[in-house]
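Descriptive structure summary
Residue-level listing of the chains:
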Amino acid sequence: MPSHTERTVGDTTVLELHGEIDILTEPALSARLDALTASPGADLVADMRPMSFIDCAGLRVLCRARNRVEARQGRLRLTLTVPASGASCDTRT
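An account of the accompanying structure is given in this report. The structure displayed is predicted, hence computed values, not measured ones.

In spatial order, the strands read β1-β2-β4-β6; together these four strands make up an open sheet with mixed pairing. Strands with a single pairing partner mark the edges of an open sheet, and in this sheet they are β1 (4-9) and β6 (75-79). Going from strand to strand, the sheet's axes swing by 20° on average, the running direction of each strand aside. Where strand β2 (residues 12-17) and strand β4 (residues 43-47) come together, four bridges link them in parallel fashion. Its bridge partner being in β4, Val14 is matched across the sheet by Val45. Where helix α2 (residues 56-71) meets the sheet, it contacts β2 and β6, and its direction lies at approximately 145° from that of β6.

Okay, structure coming up:
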């Protein structure tokens with residue numbers, strides 16, 4: 001299964017991330033995100049709800065996409081669900 005699918009809603013591209021986003025799936029995702037963030041004012045939603053795992057390679061790709069979008073006055077939003085186990089990701093330093 002591909003690591004992502006996409007659809008357009010109005011002027012927004014919704015990229016659904018599926019399964020595991022890791023060093024094996026990173027090259028294809030990185031190439032697609034580069035294409036989607038190349039234009040000024042890109043509006044992108046990364047739907048992470050179908051995703052089961054992400055490693056540092058996947059996080060690096062998302063950070064790069066965010067930087068590219070921000071540099072071009074666009075917008076990147078992440079959609080995710082906290083697992084029922086109560087596990088969460090704390091990004092505070």
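Text resumes after the structure shown.
Bringing the pairing of β1 into the picture now. Taken together, the six bridges between β1 and β2 define a ladder with antiparallel strand orientation. Considered in β2, the bridge of Thr5 is made with Glu16. The turn linking β1 back onto β2 is made up of two residues, and Gly10 within it adopts a positive phi angle of 65°.

The topology assignment puts Ala71 in helix α2. Judged by relative accessible area, which is 54%, Ala71 ranks as exposed. With 34 residues separating them in the primary sequence, Ala71 and Thr37 have C-alpha atoms 9.7 Å apart.

Here we take up the environment of Thr81. With respect to the secondary-structure elements, Thr81 resides in the segment after β6. C-alpha separation for the pair Thr81 and Pro50, spaced 31 residues apart in sequence, amounts to 9.1 Å.

Within the secondary structure, Asp55 sits in the loop between β5 (51-54) and α2. For the buried Asp55, no salt bridge is present, and the opposite-charge side chain at shortest range is Arg60, 6.6 Å distant. Within the structure, Asp55 has its side chain in polar contact with the backbone nitrogen of Ile23 (distance 3.4 Å). When neighbours within four sequence positions are excluded, Asp55 is seen to be in contact with Ile21, Asp22 and Ile23.

Rules and cut-offs
Residues numbered from 1 in each chain as written. Predicted model: local features only at pLDDT ≥ 70, side-chain atom pairs only at ≥ 80, totals over all residues. Heavy atoms only, no water. Pairing = 2+ DSSP bridges. Helix = DSSP H or I, 4+ residues; strand = E, 2+ residues; numbered from the N terminus. Axes fitted to C-alpha atoms, helices over the stretch in contact; angles between N-to-C directions. Contact = heavy atoms within 4.5 Å. Buried < 20%, exposed > 50% of the residue type's maximum accessible area, 1.4 Å probe, protein only. Lys, Arg positive; Asp, Glu negative; His and termini not counted. Salt bridge = Lys/Arg side-chain N within 4 Å of Asp/Glu carboxyl O. Polar contact = N/O pair within 3.5 Å; in protein donor to acceptor, adjacent residues only side chain to side chain.

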